[in-house]
Amino acid sequence: MFPEISFGGATFIDMSSIVGPDVAVRGATIGLGIHHTAGRTLLPNATVAEEVNHIKAINLQHLGQGFWCGLGYNAICFASGRVYVVGRCAGQRAHVAQRNHELAGIALAGSFQDAEVPPGCIEGAARWVRAMWAEYGAGLTVAGHREWAILSSPTDCPGDGGIAALDEIVRKAMESNMAMTNVQIEDAFLNLYAVLYGSTAPNWAAIQPIVDELRAKHPHGLVEALKAVMDRLDAL
């Protein structure tokens, strides 16, 4: 029904032809915004046709709300695990006010203000995050819409359930990205430190032994090791 598109070593369903065009190519991409559509959650056994109709409905809704590009995200994932690209990987969409020039966005299809995000949706989002890391570097920060939002445009998105799923999304993306170079590991650590502490990270040479030690203890992903480093630093 729709062609496939490959980037970052992964393949997704390309639906960008049915939504409005990107207004521009993003500048320096600094992070990935996680959203929820805040609408009906389709079941894991939903068909492609049902998911496509769901995307078309959201596209019309966004157009009606004045979004110049229709569906405001770069991608949307469903409980089935399928991920649909609805804007170019490098395209500037409309998902975080005044930050679209520097953030890519993916939506979890459904309302997760209180509900848990389905496992298939988490898996799909992790695949997209991993692909974006492959394209832009593992230092890109993954955070919820509410965490990226400017003070004058607060939001609850992606809901408490969406926020609760973030660690799992990042962990799964990391699990399948174990072949990280030393430079990628350093970038990921420095980026996380800057986000948490809002300042330049301490000298990498002094921290690397701690990271290496903790990474060896956390073979399922780097994110646990990085969090352990943060705990170790806080205790100093």
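Residues numbered from 1 in each chain as written. Predicted model: local features only at pLDDT ≥ 70, side-chain atom pairs only at ≥ 80, totals over all residues. Heavy atoms only, no water.

Visitor: Can you walk me through the pairing of strand β9 (residues 141-144) in this structure?
Guide: Burial along β9 is two-sided: the face carrying T141 and A143 and the face carrying V142 and G144 are both buried. The sheet contact formed by strand β4 (residues 31-36) and β9 spans four bridges and is parallel. Following the sheet pairing, G33 is matched in β9 by A143. (Buried < 20%, exposed > 50% of the residue type's maximum accessible area, 1.4 Å probe, protein only. Helix = DSSP H or I, 4+ residues; strand = E, 2+ residues; numbered from the N terminus. Pairing = 2+ DSSP bridges.)

Visitor: Would you take a moment to explain the sheet that holds strand β5 (residues 75-77) for this structure?
Guide: Note on sheets: strands pair through backbone hydrogen bonds, and any given pair is parallel or antiparallel. The sheet built from seven strands is open, its strands ordered β1-β2-β6-β5-β8-β4-β9 with mixed pairing. Because the sheet does not close on itself, it has two edges, and the strands there are β1 (4-7) and β9. The mean inter-strand angle of the sheet, taken between neighbouring strand axes irrespective of direction, is 35 degrees. Inspection of the sheet shows β5 paired to strand β8 (residues 103-108) by three bridges, in the parallel sense. Paired with C77 across the two strands is L108, which belongs to β8. Taken strand by strand, helix α2 (residues 119-136) contacts β1, β2 (10-14), β4, β5, β6 (83-85), β8 and β9, and its axis lies near 165 degrees from that of β8. Most of the contacts of helix α4 (residues 159-175) go to β9, to which it runs at about 160 degrees, and overall it touches β4, β8 and β9. (Axes fitted to C-alpha atoms, helices over the stretch in contact; angles between N-to-C directions. Contact = heavy atoms within 4.5 Å.)

Visitor: Can you walk me through the side chain of T29 in this structure?
Guide: Tracing the chain through its elements places T29 in the loop between β3 (24-25) and β4. A distance of 3.0 Å separates the side chain of T29 from the side chain of R26, its partner in a polar contact. (Polar contact = N/O pair within 3.5 Å; in protein donor to acceptor, adjacent residues only side chain to side chain.)

Visitor: Looking at this model, I keep getting lost on the nonpolar core. Mind explaining?
Guide: In this structure, L32, L108, W128 and W133 are the most contacted members of the largest nonpolar core, which totals 32 residues. Taken together, the elements giving at least two residues each to this core come down to β2, β4, β5, β6, β8, α2 and α4. Of the residues forming this core, the biggest block, nine residues, is contributed by α2. Beyond its immediate stretch of four places on either side in the chain, L32 contacts L103, A104, W128, V129, M132, W133, L140, T141, V142, A143 and W148. A46, I58, L71 and A109 belong to the second-largest nonpolar core, a separate cluster that totals 16 residues. (Core = buried A, V, L, I, M, F, W, Y, C linked by side-chain atoms within 4.5 Å.)

Visitor: Any chance you could explain the side chain of R93 here in plain terms?
Guide: By the element assignment, R93 lies in the loop between β7 (91-92) and β8. A relative accessible area of 0% means that R93 is categorised as buried. Polar side-chain contacts of R93 include one of 3.2 Å to the backbone oxygen of Y73. A polar side-chain atom of R93 sits 3.4 Å from the main-chain carbonyl oxygen of V86.

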